[in-house]
Amino acid sequence: QVQLVESGGGLVQPGGSLRLSCVASGSIFRLYAMGWYRQAPGKQRELVAAITSGGKPNYADSVKGRFTISRDNAKNTVYLQMNSLKPEDTAVYYCNADPIAKVFYWGQGAQVTVSA
């Protein structure tokens with residue numbers, strides 16, 4: 001049972017930046033690949049970025065070159081730096097294991113709204 005708490009969302013203008021954080025409870029976080037998922041109304045949940053337990057990242061084509069995922073295993077934390085934000089990035093962003101593991105509980109998510 002791993003609790004996940006996302007933070008750092010907000011309202012930003014197109015072209016702006018936000019940095020999301022996700023803190024996990026317990027001692028197994030470091031053993032799992034992690035990802036940032038987002039879901040917008042009327043759309044399927046989408047994995048936008050993932051990172052292996054050792055720190056190797058991968059990205060969806062829609063965010064490649066704009067988003068950077070990183071992790072600090074000593075702090076049980078995953079980050080998502082989002083630059084050059086677009087209105088289509090508007091969604092609730094969640095962290096979880098990649099692939100999703102039932103031992104990890106979904107958090108509240110972080111609302112990201114990109115609008116002029």
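Residues numbered from 1 in each chain as written. Predicted model: local features only at pLDDT ≥ 70, side-chain atom pairs only at ≥ 80, totals over all residues. Heavy atoms only, no water.

**Structural notes on unusual backbone geometry**
With glycine set apart, most residues show a phi of negative sign, and most peptide bonds adopt trans. As a reminder, the rule being used: Put simply, DSSP H or I for four residues or longer makes a helix, DSSP E for two residues or longer makes a strand, and each gets a number counted from the N terminus.
Here Asp 98 and Pro 99 are connected by a cis peptide whose omega angle stands at 0°. One can find Pro 99 in the loop between β9 (91-97) and β10 (110-114). Even without being glycine, Asn 76 reaches a positive phi, approximately 50°. The backbone of Ser 84 shows a phi angle near 50°, a positive value even though the residue is not glycine. Mapping Ser 84 onto the fold places it in the loop between β8 (77-82) and β9.

**Some remarks on the sheet that holds β8**
What counts is decided by this rule: Two strands qualify as a pair provided that DSSP identifies no fewer than 2 bridges between them. Working convention: axes come from line fits to C-alpha atoms, limited for helices to the stretch in contact. Angles between N-to-C directions cover 0 to 180 degrees.
Taken together, four strands build an open sheet; the order of strands is β1-β3-β8-β7 and the sheet is antiparallel. Every interior strand has two partners, whereas the edge strands, β1 (4-7) and β7 (67-72), have only one. On average, each strand axis in the sheet is inclined to that of its neighbour by 15°, with strand direction left out of account. The pairing of β1 with strand β3 (residues 18-24) spans four bridges and is classified as antiparallel.

**Structural notes on the sheet that holds strand β5 (residues 46-51)**
Taken in spatial order, the six strands of this open sheet run β2-β10-β9-β4-β5-β6, and their pairing is mixed. Lying at the two open borders of the sheet, with one neighbouring strand each, are β2 (10-12) and β6 (57-59). Between one strand and the next, the sheet's axes are offset by a mean angle of 25°, whatever the strand orientation. The sheet contact formed by β5 and β6 spans three bridges and is antiparallel. Directly across from Ala 49, in β6, lies its bridge partner Tyr 59.

Worth remembering: the numbers are spatial, not functional.
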